[in-house]
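Structural characterization, general
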Amino acid sequence: MTNNKTVRYGSDLMAELIANLDVPFIALNPGASFRGLHDSLINHPHREMPELITCTHEEISVDIAHGYAKATGKVMAAAIHNVVGLQHATMAIYDAWCDRVPVLLFGGTGPMPVEKRRPGSDWLHTALVQGNLIRDFVKWDDQPASVQSLSDSIYRAHRLAVTEPAGPVYVCFDAMLQEAPIEQEELDRVPALVTPPGPEAYSPGTPPGPSPMVTERLVEALEGAKWPVIIADYTARSDEAFHVLAQLAEEWAIPVIDQGSRFNMATDHPMNLSGANFEVLERADVVIALDMKDLYGSLSRIERTIRTTEPVLQPSARVFAVSLMDYTTRAWSADFQRLFPTEMNILADTQVLLPVLREALSGRPLPSSVDARRKTVTDWHHSLREQWKQTAVKKRSETPIATAVMADELWALLKDEDFVLANGNLRGWVQKIFTMSEPRQYLGASGGGGLGYGIGATIGACLAHRESDKIVVDIQSDGDLLFTPGGLWTLAHHDLPALIVMFNNRSYYNSEEHQINIARHRGRNVERTAIGTTIVDPPVDFAAMAESMGVAGIGPIEKVEDIAAALKKALAIVKNERRSVLVDVVTQVK
């Protein structure tokens, strides 16, 4: 043990470089492989460090950073314990990769020198090279070998993570590099080890925009179109793109379909025809696809049981795809989806392209078809919204509680509140019933389809809005929460208020529905499809689970007439006591 406070350790430098990036939080489940870094983060002699968010599982840690990035547009970090923690974290890392979200992942390994390894766990928890485990679904990984390598490694990781298309990056620190004192001779010789440089000189590059030729082709297509359609998926990762898309659609009366990986268009925007996708696309003569990962799937009717597709568009429709997705295509995972033929595949950032396109169109006279199209689209939009509202009214007598009714009840509670929906959408009924009009008001799904995402993403959103009165809402699927229930403890431990409303259909229904369809297709017993897919016998008491971890629990609620009072009570606790509440609502399967 040393009492020499002038000793400077490798982990002190690591912590300072991370702090230089203005990373506000590091989510972690503690581990000995980064004990040196952990000490520097909580006991640094002269720097304020990011706040540590204690988690019960590494998947939660990464999901928190994932949700925070989508809520703010900024990056935070997760620390992951050697081989075992990294294996726990892989699903969440894959989700962030597929969702094109920046996450800084810091890990520990070793010691790499064998003479420094303790027998037993140090050997079990050392890998060569540890980043190999996740290399196929991160943008970059590194394992710096010296203290002089640290600034290059950490700053490069940050720059690559936030450069579009964004994604997770991983830097693994050797335990001995963390724990060994930096020699005084090296400190004297290399001033940057004493006062490390800031990251300003290593900032991300300028996002690419369209060429004049590309802009002119898009202008020509929109001017000549009778029924242009914009279909958007990841576009509103930029707040500016959210606003410009709304302006462009309004000015040129272009119907928009929001595919929902980000919240791309206000639900009450008169040009928003999401929910009538195929009917809208069947009429299209021009389609502009913005940040679409699965353009083929979005423009195809799918027979899911026999795995066939048929096109939705007219053969003569002109399709223009705008995205940067091709820059993150890897061979291991087919998350890049099937190719779709286009007139132009435009490699440009939509936050740059959309303002350029709007400016180019601003001086052009509106074609005569625009006014008529505006009325048609607006009337269609209002008709859809009214139909959906009436569906919710008609289903109020159904048991279990219908998802449309649950959305309607939740909207009645939230309509006068400042809120963000961090997770869940009741199979699309939220967008059909709610009026949401602000960027990032809905944060989308996990990206990779991995269970366990929802509660971590909600914690990330709570951290993002910690200093405000914004209500963070989680419509939490039952099967998803059972993967990562410890997230409830993290909410309570860090005094983070969230309104968690269970979408408790007591089923892994995606799988149950597949089994129903397969049984029907094969002429077999549909009644047996609940075997291996339902969460009953016994049903999970989610309210009791929440209470056991310090979160208020209400329910289960099984009658429509009981929902409003339960939600009102829960919201009062969130607002007045500043603590999280879980309301367990038992619902129909979809």
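Below or above, wherever it landed, is the structure these notes cover. These numbers come from a predicted model, not from an experiment. Residue positions within a chain follow its written sequence, with the count starting from 1. Predicted model: local features are reported for residues with pLDDT of at least 70 only, side-chain atom pairs are reported and counted for 80 or more only, and whole-chain, interface and lining totals are derived from all residues. In computing side-chain properties, one takes all heavy atoms of the structure into account and sets aside hydrogens as well as water.

Since one α-helical turn is 3.6 residues long, residues separated by three or four positions face the same way. In this text, helices come from DSSP runs of H or I with a minimum length of four residues, and strands from runs of E with a minimum of two, each type numbered from the N-terminal end. An expected span of 1.5 Å times one less than the residue number is assigned to each helix. Here helix H4 (residues 82–98) spans 23 Å end to end across 17 residues, near enough to the 24 Å set by a 1.5 Å rise per residue. Across the chain, bend at a residue is computed as the angle between axes fitted to the seven residues ending at that point and the seven starting from it. Along its length, H4 shows its largest kink, about 50°, at Thr90. With twelve of 17 residues buried, H4 lies mostly within the body of the structure. Categorising residues by exposure relies on relative accessible area from a 1.4 Å probe, with only protein chains included: less than 20% of the type maximum marks a residue as buried, more than 50% marks it as exposed, and the intermediate range marks it as partly exposed. Buried residues of H4: Asn82, Val83, Gly85, Leu86, Ala89, Ala92, Ile93, Tyr94, Asp95, Ala96, Trp97 and Cys98, and no others. Against helix H3 (58–72), strand E3 (77–80), strand E4 (103–109), strand E6 (168–174) and helix H17 (453–464) lie the buried residues of H4. Definition of a polar contact: a pair of N or O atoms within 3.5 Å, with one able to donate and the other able to accept a hydrogen when the atoms are protein atoms, and with sequence-neighbouring residues admitted only if both atoms are side-chain atoms. At the N-terminal end of H4, a side-chain oxygen is found 3.0 Å from the backbone nitrogen of Val84, two or three residues along, and the residue is Asn82. Just downstream of H4 lies Arg100, where phi reads positive at about 55°. Note on definitions: a residue-residue contact is assigned when non-hydrogen atoms from the two residues lie within 4.5 Å.

The next subject is the pattern of salt bridges. The term salt bridge refers to a pairing of a side-chain nitrogen on Lys or Arg with a carboxyl oxygen on Asp or Glu at a separation within 4 Å. One pass over the structure, following the stated rule, counts 31 salt bridges. Among the salt bridges present, the one from Lys395 reaches Glu398, with a minimum N-O distance of 3.4 Å. For Lys395, a relative accessible area of 26% corresponds to the partly exposed category. We classify Glu398 as partly exposed; its relative accessible area is 29%. Among the ionic pairs, Glu417 bridges to Lys575, the shortest N-O distance being 3.1 Å. Here Glu417, found in the loop between helix H15 (403–414) and strand E14 (419–423), pairs with Lys575, found in helix H22 (residues 560–577); they are 158 residues apart in sequence, far enough to count as distant. Salt bridges linked by common partners bring Glu164, Arg237, Asp291 and Asp349 together as one network.

Neither face of E3 is left uncovered, since the one carrying Ala77 and Ala79 and the one carrying Ala78 and Ile80 both have all their residues buried. In this scheme, strands are said to pair when DSSP sees at least two bridges between them. The sheet contact formed by strand E1 (residues 25–28) and E3 spans three bridges and is parallel. Directly across from Ala27, in E3, lies its bridge partner Ala78. Pairing of E3 with E4, which is carried by four bridges, proceeds in the parallel orientation. Looking at the pairing, Ala77 lines up with Leu104 of E4.

Burial analysis of strand E12 (residues 318–323) places five of its six residues in the buried class, the great majority of the element. Here E12 runs beside strand E13 (residues 344–347); their pairing, made up of four bridges, is parallel. Each bridged residue has a counterpart across the sheet, and for Ala321 the counterpart in E13 is Asn345.

With that out of the way, let us pick up the side chain of Arg440. Along the chain, Arg440 falls in the loop between helix H16 (429–433) and H17. A polar contact of 2.9 Å, which involves the side chain of Arg440, links it to the side chain of Asp239.

What is meant by a nonpolar core is a set of buried Ala, Val, Leu, Ile, Met, Phe, Trp, Tyr and Cys residues, joined one to another through side-chain atoms within 4.5 Å. In terms of nonpolar packing, the biggest core is built from 98 residues, with Leu410, Phe434, Val473, Leu499 and Val583 touching the most fellow members. One finds Ala71, Ala77, Ile154 and Ala461 within the second-largest nonpolar core, a separate group that totals 85 residues.

Across a sheet, strands are paired by hydrogen bonds formed along the backbone, either parallel or antiparallel in direction. Taken together, the six strands give an open sheet; going across it, the order is E2-E1-E3-E4-E6-E5, and neighbouring strands pair in parallel fashion. Each of the sheet's edge strands pairs with one partner strand only, and the pair in question is strand E2 (51–54) and strand E5 (140–142). For this sheet, the mean angle separating the axes of adjacent strands, direction not counted, is 20°. The sheet contact formed by E1 and E2 spans four bridges and is parallel. Counted as the bridge partner of Ala27 is Ile53 from E2. Axis lines are fitted through C-alpha atoms, for helices just across the contact stretch, and the angle between N-to-C directions can take any value from 0 to 180 degrees. Sheet strands touched by H3: E1, E2, E3 and E4. Its angle to E3, the strand with the most contacts, is close to 165°.

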